[in-house]
Amino acid sequence: MSIASTTQQICFLVLSATTVIGSLGVVLLPNIVYSAFLLGGVFLSVAGLYLLLNASFVAAAQILVYVGAVNVLILFAIMLVNKKETLAAIPGLLVRRLLSGAVCAGLFALLLRVAFTTPWALPGPTPVGEEATIRIGEHLFTDYLLPFELASVLLLMAMIGAIVLARRDVFSTDVITGEPADQGLIEKDRTPLLIETSANAPTLLTKP
Amino acid sequence: MISDAASPIPLEAFLAVAAMLFCVGVWGLINSRNAVRVLMSIELMLNAVNINLMAFSDYLDGQLIRGQVFAIFVITVAAAEAAVGLAILLSLYRNRETVDMERFNLLRW
């Protein structure tokens, strides 16, 4: 990328601030729809960071896959499971949040220390810049051919698995017992299959 | 291409942003009550790892950009993980009528 150094620094500051603030919003906002849209913003600014790192192909893939597919999928899931429910209070929630916050802050300090004390072998080879897409294509069809093909198999497996997991049960008879399956249990009345009588003893709902 | 010898942005700055993103993701993974938010935190952590890979690929491996190839594979696996995770979440919601992580405790001691 042939833009001036100051412009790059300003872009980096803006993009990293958007990334960090957006990710904090994703985790902390009470409304999950806002979190999902902020997550899209985080993905977009991460794609901007990739552009600053001379990786235009991966930036395009990031926008297409993350913003276009993953974020839309998450929004769909939110729309499908969006039910206002009052979450039961949990004892020691604040303690848990503070403890995990301390652990995460410690992890952050450790990572920063590693990043700033390790003597990186800089400057490395000159970046290929705009030829990065060509190099990625060469890699994918020569030395990374097997992982590339395995990735396609993985995507096929994930697609079939997602369909199998998410579709409603359409069998007319129960596979195990041979009794006619109660479709109303699944389709019409939204009685949960597992109801909790007490806090720790879930019991199977008997068929009416 | 960055022409001057010293890049205007140090490598450590990218690593710091990625570390921050990863730690926010870990915190959200532990503390979220909503299962969808847990999946979103996992995506944040994967993105942090990707930023690290891309930064190292550009600064230390500028000719053979193996980090970028690896980041593409990570993006692929993340997409598969999101699809399967959300399908599991939908079937959980269908069975339990909730997305509260604290109530998914059938396998808990």
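Basis of the calculations
- Residues numbered from 1 in each chain as written.
- Chains lettered and ligands numbered in written order.
- Predicted model: local features only at pLDDT ≥ 70, side-chain atom pairs only at ≥ 80, totals over all residues.
- Heavy atoms only, no water.
- UniProt positions renumbered as here; feature names shortened; annotations may be inferred.
- Helix = DSSP H or I, 4+ residues; strand = E, 2+ residues; numbered from the N terminus.
- Phe/Tyr/Trp six-rings, centres within 6.5 Å; stacked < 30°, edge-to-face > 60°.
- Buried < 20%, exposed > 50% of the residue type's maximum accessible area, 1.4 Å probe, protein only.
- Axes fitted to C-alpha atoms, helices over the stretch in contact; angles between N-to-C directions.
- Parallel < 35°, antiparallel > 145°, perpendicular 65-115°, else oblique.
- Left-handed = near helix turned anticlockwise from the far one by under 90°.
- Contact = heavy atoms within 4.5 Å.
- Nonpolar A, V, L, I, M, F, W, Y, C, P; charged D, E, K, R; others polar.
- Patch = residues over 30% accessible without salt bridge, like charges linked within 9 Å, V, L, I, M, F, W, Y side chains within 5 Å.
- Areas by Shrake-Rupley, 256 points an atom, 1.4 Å probe, with all protein chains shown as cover.
- Salt bridge = Lys/Arg side-chain N within 4 Å of Asp/Glu carboxyl O.
- Core = buried A, V, L, I, M, F, W, Y, C linked by side-chain atoms within 4.5 Å.
- Expected span 1.5 Å × (residues − 1).
- 1 Å grid on protein atoms, 1.4 Å probe; cavity = no way out; pocket = protein on both sides within 12 Å on 5 of 7 lines; lining within 4 Å.
- Points joined across faces, edges and corners; volume = space filled by probe spheres on them.
- Polar contact = N/O pair within 3.5 Å; in protein donor to acceptor, adjacent residues only side chain to side chain.

**Focus: the UniProt feature "transmembrane region" (unreviewed entry) in chain A**
Residues and elements named next belong to chain A. Here, UniProt's "transmembrane region" (unreviewed entry) annotation points to residues 6–29, 36–53, 59–81, 93–116 and 144–166. Helix and strand shares over residues 59–81 are 96% and 0% respectively, and the end C-alpha atoms of the span are 31 Å apart. Secondary structure over residues 93–116 splits into 100% helix and 0% strand, and the C-alpha atoms at its two ends are 34 Å apart.

**Topic: the packing of aromatic side chains**
Applying the stated rule across the entire model yields six aromatic pairs over all chains. Relative to Tyr59 of chain B, the ring of Phe14 of chain B lies with its centre 6.1 Å away and its plane at 55°, an arrangement referred to as tilted. Remark: Tyr59 of chain B occurs in helix H2 (residues 35–59) and Phe14 of chain B occurs in helix H1 (residues 11–31); sequence separation between them is 45 residues. Of the residues examined, Phe14 of chain B reaches a relative accessible area of 1% and is grouped as buried. Overall, the relative accessible area of 9% leaves Tyr59 of chain B in the buried class. An aromatic cluster of three or more residues is present, and its members are Phe12 of chain A together with Phe14 and Tyr59 of chain B.

**Details of the packing of helix H1 (residues 5–28) of chain A against helix H2 (residues 32–52) of chain A**
Residue and element names in this part refer to chain A. Orientation of H1 relative to H2, taken along the N-to-C sense of each, is 155°, at an axis distance of 8 Å. Classified by the angle between their axes, H1 and H2 sit roughly antiparallel to one another. Here the hand of the crossing between H1 and H2 comes out left-handed. Listed contacts from H2 to Gln8, Cys11, Phe12, Leu15, Thr18, Thr19, Gly22, Ser23, Gly25 and Val26 of H1 are Ser35, Leu38, Leu39, Val42, Ser45, Val46, Gly48, Leu49 and Leu52. Residue composition of the contact of H1 with H2, by class: ten nonpolar, nine polar and no charged.

**Structural notes on a nonpolar patch on the surface**
A grouping of Leu156, Met159, Ile160, Ile163 and Val164 of chain A is seen on the molecular surface, where their side chains present a nonpolar patch of about 480 Å² in accessible area. In this structure, Met159 of chain A sits in helix H6 (residues 145–166).

**So, the environment of Gly25 of chain A**
Within the secondary structure, Gly25 of chain A is located in helix H1. For Gly25 of chain A, the contacting residues outside a window of four places in its chain are Ser35 and Leu38 of chain A.

**Looking at the nonpolar core**
The biggest cluster of nonpolar side chains holds 70 residues, and the ones touching the most others in it are Phe12, Leu49, Val58 and Ile74 of chain A together with Phe14, Val36 and Leu44 of chain B. For this core, the secondary structure elements donating two or more residues are H1, H2, helix H3 (56–80), helix H4 (93–117) and helix H5 (132–141) of chain A together with H1, H2 and helix H3 (66–96) of chain B. Among the elements that line this core, the one with the most residues is H3 of chain B, at twelve residues. Dropping the residues within four chain positions of it, Leu49 of chain A is found in contact with Phe12, Leu15 and Thr19 of chain A together with Phe14, Val17 and Ile51 of chain B.

**A closer look at H3 of chain B**
All names here are of chain B. In a regular helix each residue adds 1.5 Å, so 31 residues correspond to 45 Å; H3 covers 44 Å between its end C-alpha atoms and thus fits that length. With respect to burial, H3 is a largely interior element, 22 of its 31 residues being buried. Positive backbone phi, approximately 60°, marks Glu97, located one or two places after H3.

**Quick look at the layout of surface pockets**
Within this model, the second largest pocket holds a volume of roughly 550 Å³. Together, 24 residues line the second largest pocket, and Pro30, Ile32 and Leu87 of chain A together with Asn34 and Arg37 of chain B are the ones closest to its centre. Counting residues per element, the ones that place at least two in the lining of the second largest pocket are H1 of chain A together with H1 and H2 of chain B. Considering every element that reaches the lining of the second largest pocket, the biggest residue donor is H1 of chain B, with three residues. Considering only residue class, the lining of the second largest pocket consists of eleven nonpolar, six polar and seven charged.

**Some remarks on the interface of chain B and chain A**
Across the boundary between the two partners, chain B contributes 77 residues, which contact 93 residues of chain A. In this structure, the salt-bridge partner of Arg96 of chain A is Glu102 of chain B, at a minimum N-O distance of 2.9 Å. Where chain B touches chain A, the interface holds 14 residue pairs in polar contact (both at pLDDT 80 or more). Mapped by element, the contributors of at least two residues to the side of chain B that touches chain A are H1, H2 and H3 of chain B. Per-element tally for the side of chain B that touches chain A: the top contributor is H3 of chain B, with 24 residues. Grouping the constituent residues of the side of chain B that touches chain A by class yields 50 nonpolar, 14 polar and 13 charged.

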